[in-house]
Amino acid sequence: MTLIAGAATACQAQDSQGPDEGSEPGGPSESLEGATDEPDEAPGADEQPNEGDPETFTIFSSGDVLPHDAVIAAAAQEDGGHDFVEQLSGVQHWIEGADLALCGLEVPIAPPGTEPVGYPVFGAPEGLAESLAEVGFDGCATATNHSLDMGMEGLEHTLVTLDSAGLGHAGTARTEEEAAEPQLYTLERGGREIVVAHVANTQIHNDPFYPPQDAPWAVSDGSPDELSALAEQARSDGADLVIASVHWGEEYAHSPNDQQRDYAAQLADGGQIDLVFGNHTHTPQPMEELQGGPEDEGMWVTWSLGNFFANQDEECCIPETAVGVMAFAEAQADEEGARITGMSWSPVTVDREGASRDDEVFRGIYPLAELMDGEHSHDIPQDALESRWERVLEVVGEEQLISEAPEAAGESPEVHRRSAR
């Protein structure tokens, strides 16, 4: 059953400003007591694993990539193009540290002849895809309540642009055949090839941006059974792990609602999906391991990763919109296959200011733990920085919090192109 919601507010933001005071009160060194500083690292060149030993690797997901007008303006180039790398560079080492890095691309790419726009409907510049690839992303989930903001032309152009940038994609499709295919990635880990399948789904559509009657498959929005069937097909075709991205939940809520819990419970009962990355609420929500999953060994869910690359904070919306979650699924690979063994996370936050849409300034996003330790220059008021840190720890919890980026265990994955016949 598809759940229908009204148009997402995804509000433009106004910010206060203040100098970086360079202090570190309440930072990660104090807040990480009892937490792991970093996930297990892969052995280095002088510390190779024994043949047959499991090898640890990570699968990363960001929260929503939602470029508002100020984000688009900050990336504008003199030649008329857009380059977002500078605004993303603060988190690049975290993205590149993952073995497989996925983003939640909430918006379509504006088709040729259409000006990019960042609210209330969205259409990102083509340069966004190249920038995401340059900072280390391997692919993105594209099934959201904004997938059809630019119509089918925009949806199709989004996938063409992602293909051109070498990025995988899951959740939207140009043809019925493509809709039936998960996105596949192949990594060399644990002495063998590990195939990771990515599927995606939205449980929300904005009125009037519904899938066309003659192409209901264009945006994946089906039941848990339908998503599990796609995952089962991926496994029968050789996938060792199946990762699902689901766009769901209530905007600005701090905990999952009954619909999220019911949908996830059914996915876990289906036994085909290893891990769910949740998005949409613009706010972080906790992560949890549910009973069920493959071989009845459990299924991790990040209920919502919040904003990642967006122009929201406490001045426009609620304080939690200024912070998002970088989630790392820890996996082990051996000759038998692969399995998810745990989760870790670290927060990011936005640096922006502006009292109205006419004078907004978007500077970029940064790892919040690194800001608390004084590692980056920024213009976030110190009291806002401390409040963001305290609140995200309160919502997500400190048990799986990390303050240092992981290191990839091997070469980047091979991205398999889905069929667009």
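All values derive from a computational prediction rather than experimental measurement.

A. Spatial organisation of the overall build of the protein. Counting its secondary structure elements, the protein contains 11 helices and 17 strands. Across the 421 residues of the protein, 60% fall into the buried class. Of the contacts formed within the protein by residues at least 6 apart in sequence, a portion of 76% connects residues at least 24 apart.

B. Here's a closer look at a negative patch on the surface. There is a patch of like negative charges on the surface, built from Asp83, Glu86, Glu126, Glu130 and Glu134. Relative to the elements of secondary structure, glutamate 130 occurs in helix H5 (residues 127–134).

C. Representation of unusual backbone geometry. Following tyrosine 119, the chain continues into proline 120 via a peptide bond in cis, with omega recorded as 5 degrees. With respect to the helices and strands, proline 120 occurs in the loop between strand S3 (117–118) and strand S4 (122–123). The omega torsion of the bond from aspartate 207 to proline 208 falls at 10 degrees, within 30 degrees of zero and hence cis. Note that proline 208 resides in the loop between strand S8 (192–202) and helix H8 (224–236). Of note, glutamate 295 is a non-glycine position whose phi angle comes to about 55 degrees, a positive value. Inspection of the secondary structure assignment puts glutamate 295 in the loop between strand S11 (287–290) and strand S12 (299–302). In this structure, aspartate 296 is a non-glycine residue whose phi angle is positive, near 55 degrees. Along the chain, aspartate 296 falls in the loop between S11 and S12.

D. Region of the structure containing the nonpolar core. Ile59, Phe137, Phe308 and Phe309 are the most contacted members of the largest nonpolar core, which has 90 residues in total. With 8 residues, the single largest contributor to this core is strand S14 (residues 323–334). Filtering out sequence-adjacent residues up to four positions away, isoleucine 59 remains in contact with Leu100, Leu102, Val196, Leu241, Ile243, Phe277, Ala327, Phe328, Ala329 and Ile340. Membership of the second largest hydrophobic core comes to 22 residues, among which are Val242, Val246, Tyr263 and Val276.

E. Quick peek at the state of the cysteines. Enumeration over the complete set of coordinates arrives at 2 disulfides. Through a disulfide, cysteine 103 is tied to cysteine 140; the S-S separation comes to 2.2 Å. Across the S-S bond linking cysteine 103 and cysteine 140, the dihedral sits near 105 degrees, which makes this disulfide right-handed. Of this pair, cysteine 103 sits in strand S2 (residues 100–105) while cysteine 140 sits in strand S5 (residues 139–141), and the two are 37 residues apart along the sequence. Looking at cysteine 140, the relative accessible area reads 0%, which means it is buried. Disulfide partner of cysteine 316: cysteine 317, at an S-S distance of 2.3 Å.

F. Examining the confidence of the model for the protein more closely. In this model, the protein carries an average pLDDT of 89, and 86% of its residues clear a pLDDT of 70 or more. Every residue in residues 29–50 is under pLDDT 50, and counting partners more than four places away or in other chains gives 29 contacts.

G. Here's a closer look at the sheet that holds strand S7 (residues 183–189). One open sheet holds the 7 strands; their spatial order is S11-S12-S10-S9-S8-S7-S17, and the pairing between them is mixed. Among the strands making up the open sheet, the edge pair consists of S11 and strand S17 (414–415). Sheet topology note: the strand S9 (residues 241–247)/strand S10 (residues 275–279) ladder contains 5 bridges and is parallel. When the sheet's bridge partners are listed, isoleucine 243 is paired in S10 with leucine 275. Across the sheet, H8 is in contact with S8 and S9; its angle to S9 comes to roughly 155 degrees.

What counts as what
Residues numbered from 1 in each chain as written. Predicted model: local features only at pLDDT ≥ 70, side-chain atom pairs only at ≥ 80, totals over all residues. Heavy atoms only, no water. Helix = DSSP H or I, 4+ residues; strand = E, 2+ residues; numbered from the N terminus. Buried < 20%, exposed > 50% of the residue type's maximum accessible area, 1.4 Å probe, protein only. Contact = heavy atoms within 4.5 Å. Patch = residues over 30% accessible without salt bridge, like charges linked within 9 Å, V, L, I, M, F, W, Y side chains within 5 Å. Areas by Shrake-Rupley, 256 points an atom, 1.4 Å probe, with all protein chains shown as cover. Salt bridge = Lys/Arg side-chain N within 4 Å of Asp/Glu carboxyl O. Lys, Arg positive; Asp, Glu negative; His and termini not counted. Charge placed at Lys NZ, Arg CZ, Asp CG, Glu CD. Core = buried A, V, L, I, M, F, W, Y, C linked by side-chain atoms within 4.5 Å. Disulfide = S-S within 2.5 Å. pLDDT = per-residue confidence, 0-100. Pairing = 2+ DSSP bridges. Axes fitted to C-alpha atoms, helices over the stretch in contact; angles between N-to-C directions.

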